[in-house]
Amino acid sequence: PVVALVGYTNAGKSTLLKLLCGTLAPSTGHLAVQGRIAALLELGTGFNPEFTGRENVYLNAAILGLDDAEIAHSLPDIIAFADIGDFIDQPVKIYSSGMAVRLAFAVTAHVRADILVIDEALSVGDAFFVQKCMRFLRRFQEHGTLFFVSHDTGAVINLCDRALWLEQGQLRESGPAKTVCEHYLAALREIKAGAVYRKKTDEMKADESTEQGEGPH
């Protein structure tokens, strides 16, 4: 299954994913996760900028639970998937954001996770790499569970079975991805229309105040 999280800025999407990954602890209640979980959250999280790409592959894969033999076995596939050429042996601090996300996704894709969490990271990739990632994600969903956060509702509808719409840390709606995204977009349009109306009203009031202030001389 593929579950999307949608919502406005500061709705709580990234916080929920960090709770799932164990990087944050719930303030109340409890959360249980079954299986190996791999996450691609904030860009560059877990990378040591002074290490080379290759060294960071070993570091991140070990954090995600692979031993040295498993990492060595997966390394050629990781390097091929990332496709960053000789930069694999250069310090990550000189990488572009696109190169960093290529390497991070490549590691995440090859740790044989049961649950995969992705938070907006693909938005910095080029179109060819994004397509490669989407093909991987479609294969992954045949045996694993994917949590996907994106403001691209087209990608959500295309990739996800269900969606959760968060608003101010609360669940506003859950259901089929297409239905939830349609309702979410309709609410966004209403918010934008209201903002435009308020702006125009404020401008009119400001103009009236200016005219009254000038008055007849």
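## Some details on the side chain of Asn56
Looking at the element boundaries, Asn56 is found in helix H2 (residues 53–63). A relative accessible area of 0% places Asn56 in the buried class. Of note is the side chain of Asn56, whose polar atom sits 2.8 Å from the backbone nitrogen of Asn48. Once you skip the residues sitting within four places of it in the chain, Asn56 turns out to touch Gly46, Phe47, Asn48, Phe51 and Val92.

## Side note on the environment of Ile63
Within the element layout of this structure, Ile63 appears in helix H2. Using a relative accessible area of 61% as the deciding quantity, one classes Ile63 as exposed. In this structure, the C-alpha to C-alpha distance between Ile63 and Ala38, residues 25 residues apart in sequence, is 9.7 Å.

## Remarks on the packing of helix H4 (residues 97–108) against helix H5 (residues 127–140)
It is at 12 Å that the axes of H4 and H5 come closest, and there the two elements cross at 15°. As judged from the angle between their axes, H4 and H5 are roughly parallel. For the pair H4 and H5, the sense of crossing is left-handed. In contact with Val101, Arg102 and Phe105 of H4, H5 contributes Phe129, Cys133, Phe136 and Leu137. Within the contact of H4 with H5, the residues separate by chemical class into 6 nonpolar, no polar and 1 charged.

## What to know about the pairing of strand S2 (residues 37–40)
Side-chain direction in a regular strand flips from residue to residue, so the side chains alternate between the two faces of the sheet. With burial as the criterion, only one face of S2 is covered, namely that bearing Ala38 and Leu40; the residues Ile37 and Ala39 on the opposite face remain uncovered. Here 4 bridges tie S2 to strand S3 (residues 115–119), and the two strands are oriented parallel to one another. Its bridge partner being in S3, Ile37 is matched across the sheet by Ile115.

## With respect to the sheet that holds strand S1 (residues 2–6)
Taken in spatial order, the 6 strands of this open sheet run S2-S3-S4-S1-S5-S6, and their pairing is mixed. Where the open sheet ends on each side, the last strands, each with one partner, are S2 and strand S6 (170–176). Between one strand axis and the next, the sheet turns by 15° as a mean value, whatever way the strands run. Here 4 bridges tie S1 to strand S5 (residues 162–167), and the two strands are oriented parallel to one another. When the sheet's bridge partners are listed, Val3 is paired in S5 with Arg162. Packing of helix H1 (residues 13–21) onto the sheet brings it into contact with S1, S2, S3, strand S4 (145–149) and S5, and relative to S3 it is tilted by some 150°. H5 rests against S3 and S4 of the sheet, and its axis sits at about 150° to S3.

## Regarding the pairing of S1
A large share of S1 lies buried, amounting to 5 of its 5 residues. What you see with S1 is no split at all: Val2, Ala4 and Val6 on one side and Val3 and Leu5 on the other are buried throughout.

## Quick notes on H2
Taken together, the buried positions of H2 are occupied by Gly53, Asn56, Val57, Asn60 and Ala61. Along the axis of H2, the buried positions cluster into a sector of 125°, meaning they face one direction only. If you follow the buried residues of H2, they end up packed against helix H3 (68–82) and H4. Looking at the residues trailing H2, positive phi occurs at Gly65, about 110°.

## Section: the packing of H2 against H3
At a closest axis distance of 11 Å, the pairing of H2 and H3 adopts a crossing angle of 125°. Taken together, the axes of H2 and H3 lie oblique to each other. Handedness of the crossing formed by H2 with H3: right-handed. On H3, the residues touching Arg54, Val57, Tyr58, Ala61 and Ala62 of H2 are Ile71, Ala72, Leu75, Ile78 and Ile79. Looking at side-chain class alone, the contact of H2 with H3 contains 9 nonpolar, no polar and 1 charged residues.

Each value, and the rule that gives it
- Residues numbered from 1 in each chain as written.
- Predicted model: local features only at pLDDT ≥ 70, side-chain atom pairs only at ≥ 80, totals over all residues.
- Heavy atoms only, no water.
- Helix = DSSP H or I, 4+ residues; strand = E, 2+ residues; numbered from the N terminus.
- Buried < 20%, exposed > 50% of the residue type's maximum accessible area, 1.4 Å probe, protein only.
- Polar contact = N/O pair within 3.5 Å; in protein donor to acceptor, adjacent residues only side chain to side chain.
- Contact = heavy atoms within 4.5 Å.
- Axes fitted to C-alpha atoms, helices over the stretch in contact; angles between N-to-C directions.
- Parallel < 35°, antiparallel > 145°, perpendicular 65-115°, else oblique.
- Left-handed = near helix turned anticlockwise from the far one by under 90°.
- Nonpolar A, V, L, I, M, F, W, Y, C, P; charged D, E, K, R; others polar.
- Pairing = 2+ DSSP bridges.
- Arc of directions from axis to C-beta.

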